Amino acid sequence: TQHSLILTEQHGRVGLIMLNRPEALNALSDAMGHEILAAARAFDADPGIGAMVITGSSRAFAAGADIKEMAEKSSVEMYQSNWFSVWDELARVRTPMIAAVAGHALGGGCELAMIADFIIAADNAKFGQPEIKLGVIPGMGGSQRLTRAIGKAKAMEMVLTGRVMGAVEAEQAGLVARVVPVDSLLEDALATAAVIAGMSKPVAMIAKEAVNAAFETTLAEGVVRERRGIYACFATEDQKEGMAAFTEKRAAEFKHR
Ligand code: HXC
């Protein structure tokens, strides 16, 4: 595939997307967004891929949307081009995606990390929504996803002051799943993704959809969606295999992985 702002690799059943614009601390240009979306969609469509990792460098996951690209845009240009909508498309990709975050995850970088299904943070990770210092507000979902992740008090403080949160606080606040040493971040994220990729892919997709329903619906409606999901699992060979393997005291050999 043709891309210049990212690198992709396949590690067994795990697809790896590496942001590769070091001279701009991985600032997320529109073109980069489209490259990330295309790569994620290709992995999503590949039955040989069961999970993805998205990562940056040890210095920066991404230091935000590309400020230089946006600076002179008019409101109408942003509106007409549906600027940032590429990130809504990324959030609709169904294969589980882990964000492996080291260094700066600011503005759009923090928002991209939150679009992933969960975040594994290096001990040097720094999360923030400093848009207000630029005279704007988050535009890739940050005001919504950060608030849902860490609650109103901390989200409001971060969005209104631009304060940056370190990895330990981010873990305590529920923004990240785990904190690991920066040197083992990628290895840890790939190993975690490999665990997911060892499961049945359709079942993992159904599981992701069920958890995401918690952010979109009432409790009763969310439980209904979960129930539809588990009934659908019983239509897969992998449910039969998983439960048979348990009974027979052996490892499951899922067909759809
Ligand atoms: C474009 C960026 C950039 C960005 C860094 N760079 N962040 N370019 N957009 N978001 C560029 C710098 O201009 C510089 O290029 C190079 O990357 C290295 O950055 P430095 O600032 O020299 O590095 P350092 O001193 O280590 O500081 C790191 C930093 C700082 C603290 C992360 O770069 C920073 O504050 N960046 C902006 C963070 C931010 O405000 N993000 C939110 C963006 S708005 P040159 O060519 O000068 O060497 C957003 C949402 C938009 O994401 C939604 C509303 C429209």
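Residues numbered from 1 in each chain as written. Predicted model: local features only at pLDDT ≥ 70, side-chain atom pairs only at ≥ 80, totals over all residues. Heavy atoms only, no water.

Caption draft 1: Highlighting the overall build of the protein chain. Looking only at helices and strands, the protein chain features 12 helices and 10 strands. Relative to the globule expectation of 18 Å for 257 residues, the C-alpha radius of gyration of the protein chain, 19 Å, shows essentially globular dimensions. For the protein chain, the C-alpha atoms occupy an extent of roughly 60 × 40 × 40 Å along the three principal directions. Taken across its 257 residues, the protein chain has 44% of its residues classed as buried. Taking all contacts inside the protein chain whose residues are at least 6 apart in sequence as the whole, residues at least 24 apart take part in 67%. In the form shown here, the protein chain has an accessible surface area of approximately 13,300 Å², with 58% of it arising from carbon and sulfur atoms. The protein chain carries 26 positive and 31 negative side-chain charges, and their two centres are separated by 5 Å. (Helix = DSSP H or I, 4+ residues; strand = E, 2+ residues; numbered from the N terminus. Rg over C-alpha atoms; globule rule 2.2 N^0.38 Å. Buried < 20%, exposed > 50% of the residue type's maximum accessible area, 1.4 Å probe, protein only. Contact = heavy atoms within 4.5 Å. Areas by Shrake-Rupley, 256 points an atom, 1.4 Å probe, with all protein chains shown as cover. Lys, Arg positive; Asp, Glu negative; His and termini not counted. Charge placed at Lys NZ, Arg CZ, Asp CG, Glu CD.)

Caption draft 2: Structural detail: the packing of aromatic side chains. Summed over the entire model, instances satisfying the criterion amount to 1 aromatic pair. When the centroid spacing of 6.4 Å and the interplanar angle of 65° are considered together, the rings of Trp83 and Phe84 count as edge-to-face. For the residue pair Trp83 and Phe84, the accessibility class agrees, reading buried in each case. The ring of Trp83 is capped by Lys73, whose NZ or CZ atom sits 4.6 Å from the centre of that ring. (Phe/Tyr/Trp six-rings, centres within 6.5 Å; stacked < 30°, edge-to-face > 60°. Lys NZ or Arg CZ within 6 Å of the ring centre and 35° of its normal.)

Caption draft 3: Highlighting the pairing of strand E1 (residues 6-11). Strand direction decides the pairing type here: E1 and strand E2 (residues 14-19), joined by 6 bridges, are antiparallel. Looking at the pairing, Ile6 lines up with Leu19 of E2. As consecutive antiparallel partners, E1 and E2 are separated by 2 residues, and within that stretch Gly12 has a phi angle of approximately 60°, a positive value. (Pairing = 2+ DSSP bridges.)

Caption draft 4: Examining the sheet that holds strand E9 (residues 165-166) more closely. If you walk across this open sheet you meet the 4 strands as E4-E6-E8-E9, and the pairing is mixed. The open sheet has two edge strands with one neighbour each: strand E4 (60-62) and E9. As defined by bridge partners, strand E8 (residues 126-128) adjoins E9 across 2 bridges and the pair is classed as antiparallel. Bridging across to E9, Phe127 finds its partner in Met165. Together, E4, strand E6 (104-106) and E8 form the strand contacts of helix H5 (residues 108-115), whose direction differs from that of E6 by roughly 90°. (Axes fitted to C-alpha atoms, helices over the stretch in contact; angles between N-to-C directions.)

Caption draft 5: Just the packing of helix H6 (residues 142-150) against helix H7 (residues 152-161), in detail. Look at H6 against H7: their axes get within 7 Å of each other, and the N-to-C directions meet at 140°. The residues of H7 that touch H6, namely those facing Leu146, Thr147 and Ile150, are Lys152, Lys154, Ala155, Met158 and Val159.

Caption draft 6: Region of the structure containing the sheet that holds E1. Taking strand neighbours across the sheet as the criterion, the 6 strands line up as E1-E2-E3-E5-E7-E10 in an open arrangement whose pairing is mixed. Looking along the sheet, the strands with just one partner apiece sit at the ends: E1 and strand E10 (178-180). With strand direction ignored, the average angle separating the axes of adjacent strands in the sheet is 20°. In terms of strand pairing, strand E3 (residues 51-55) meets strand E5 (residues 97-101) through 4 bridges, oriented parallel. Counted as the bridge partner of Met52 is Met97 from E5. Lying on the sheet, helix H1 (residues 30-45) is in contact with E1, E2, E3 and E5; it crosses E2 at an angle near 175°.

Caption draft 7: Geometry of the site of the ligand. In the region of the ligand, 23 residues are neighbours, and Arg59, Ala65, Ile67, Lys68 and Gly108 sit closest. Take Ala63: an N or O atom from its main chain is 3.0 Å from a nitrogen atom of the ligand. Note that an oxygen atom of the ligand is positioned 2.8 Å from one of the side-chain N or O atoms of Lys68. Considering the ligand on its own, with 1,000 Å² of exposed area, one finds that the protein chains cover 64% of that surface. At the level of elements, helix H2 (67-70) and E6 are the ones that each hand at least two residues to the shell around the ligand. Among the elements that line the shell around the ligand, the one with the most residues is H2, at 3 residues. (Near = heavy atom within 4 Å. Polar contact = N/O pair within 3.5 Å; in protein donor to acceptor, adjacent residues only side chain to side chain.)

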